[in-house]
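Residue-level structural notes
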Amino acid sequence: MHILFYYPSTKLGGQQTQLLQITESLVELGHKVSWLYQFDGVLKERIAENAVIKKIKLPTYNKSRFGVLRILNRWCYHFFGKMQIQNYCKANEVDVILSSNTPDSITLSRVSMSLGIPHFRVLGGSMVQVEPHWLEKYESLNIDGFINGYFGWPAVFDELKEANISSSKFIEMPFAVDTNNFFPLTADERTKKRSKLGINEDDLVIGWVGRVAKNMQVWNTVDLLEELSKRNYKGIKFLCVGGGDDYEHLKEILQNKKLIDRSILTGWIPFDEMNDYINCMDVIPLLEEDPQGGSIVREAMACGRVALSVDGVSGTQSLFMKPDCTILVKPENYIFDAANKIAELIEHKERLKVLGENARSYVEKELQFKNQAQIIIECARNC
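The following refers to the structure shown. (Residues numbered from 1 in each chain as written. Predicted model: local features only at pLDDT ≥ 70, side-chain atom pairs only at ≥ 80, totals over all residues. Heavy atoms only, no water.)

**What to know about the sheet that holds strand 7 (residues 170-172)**
Operational definition: Any two strands with at least two DSSP bridges between them are considered paired. Secondary structure is summarised from DSSP: a helix means a run of H or I of at least four residues, a strand means a run of E of at least two, and numbering begins at the N terminus for each. Orientation is described by axes fitted as lines to C-alpha atoms, over the contacting stretch for helices, and by angles from 0 to 180 degrees between their N-to-C directions. Residues count as neighbours in contact if any of their non-hydrogen atoms are within 4.5 Å of one another.
Strands sit in the order 3-2-1-4-5-6-7 across an open sheet of seven strands; the sheet is parallel. Each edge of the open sheet carries a strand with a single partner, namely strand 3 (52-55) and strand 7. Across the sheet, the axes of successive neighbouring strands diverge by a mean angle of 25°, strand direction being ignored. Where strand 4 (residues 96-99) meets strand 5 (residues 119-122), three bridges bridge the pair, whose relative direction is parallel. Counterpart to Ile97 in the pairing with strand 5 is His119. Along the sheet face, helix 3 (residues 67-92) touches strand 1 (2-6), strand 2 (32-37), strand 3 and strand 4 and points at about 160° away from the line of strand 1. Strands strand 6 (149-152) and strand 7 of the sheet are contacted by helix 7 (residues 154-161), whose axis makes an angle of about 170° with strand 7.

**Quick word on a negative patch on the surface**
Put simply, the rule is: Patch rule: a residue counts if its relative accessible area is over 30% and it has no salt bridge; like charges are joined within 9 Å, and nonpolar side chains (Val, Leu, Ile, Met, Phe, Trp, Tyr) within 5 Å. Accessible surface area values rest on a Shrake-Rupley calculation with a 1.4 Å probe, where residue burial reflects the displayed protein chains alone. For this analysis, a salt bridge means a side-chain nitrogen from Lys or Arg found within 4 Å of a carboxyl oxygen belonging to Asp or Glu. Charge counting follows a simple rule: Lys and Arg are positive, Asp and Glu are negative, and His as well as the terminal groups are ignored. Lysine's charge is taken at NZ, arginine's at CZ, aspartate's at CG and glutamate's at CD. For every residue, the accessible area (1.4 Å probe, protein chains only) is compared with the maximum for its type, and the residue is labelled buried under 20%, exposed over 50%, or partly exposed between those bounds.
A contiguous patch of negative charge, built from Glu45, Glu49, Asp272 and Glu273, is present on the exposed surface. Within the secondary structure layout, Glu45 lies in helix 2 (residues 44-48). Look at Glu45 and you get exposed, because its relative accessible area is 67%.

**Focus on the packing of aromatic side chains**
As a reminder of what qualifies: Pairing of aromatic rings covers Phe, Tyr and Trp, the last through its six-membered ring, and needs centres within 6.5 Å; plane angles under 30 degrees mean stacked, over 60 mean edge-to-face, and all others mean tilted.
For the coordinates displayed, the defined rule picks out nine aromatic pairs. Between Phe79 and Phe80 the ring centres are 5.2 Å apart and the planes differ by 80°, which places this aromatic pair in the edge-to-face class. The interplanar angle of 45° and the centroid separation of 5.1 Å between the aromatic rings of Trp153 and Phe175 together place this pair among those described as tilted. Here the residue Trp153 occupies a position in the loop between strand 6 and helix 7, and Phe175 occupies one in the loop between strand 7 and helix 8 (187-196), the gap between them amounting to 22 residues. For Trp153, a relative accessible area of 6% gives the class buried. Note on Phe175: relative accessible area 11%, which makes it buried.

So, in structure tokens, the structure goes:
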């Protein structure tokens, strides 16, 4: 079977990482994968190791924000996107196409309608949080019209129900993480890596991995760091791996909060080095009132680090973050409670090792991308 992903960016991010790892599992199962994209990034070479990767040229979506120019911009994006993807599908006998964000789901729906190819959407996160404006228009624009099904989990399906999407289209996808590329280093290796970053042996490192943008949770991690600083904990450092449009703003915020001296900001790094950097961290938080998964915490678990998040009303995090290998706090006062949990770890540092070892053991048994790939293949065959 030939499966085509369209995701515009090959930069480091949760959705890109998930699609990359599904790609590798699909190829391992004997299928062909193509990946069409717009923007070069650190994952491009890794994707090309398994998939046929092809760059297409499109205008930046919503580059113009006003009136006729905005309408023209969107029309060009969808029209030229459809033509290029459609031509690729016809020339390469694609069997199924997968989209992720809403604008590209619209484009691929037009390809699906034209060629009769099944089209599925892989939901990477909460639309209420990331695409609320699209969710409001989902039904009126009939975005669902040519989507055969949605891969996701109960909380994101509940959001789509508000747009009157039939529950018959919801395909539950278990969470997963790449345990081959994310794994614990030995104690000596970890000490050497931390030393090169200026991290002392007794420091407790709070980490962030991914895109630095206003709609990401890195700002809540900064608030956590500030709370710990107010409590006069000296040996705490912040290691931020990643970049984005608001990277300079993050530096400014850390400077204003007098946290810059205890912060290590790497910007974007080669994907092959990511495991080393995560291993340099002790606690990797994903903090907001109701988080929806997050590759950052699953990769932390795979590396034997302590993942810390919030047990929100949806219960999403508790689906894969178990009490004996991770830390969950309640939504009320989650920054304050997260700081309390870290204070406990400072007092009992042996818990870092116990939780980390339990987390690694759990993900090896339960969180495999092969399971996601098999679900995609089964659904595609049944269309």
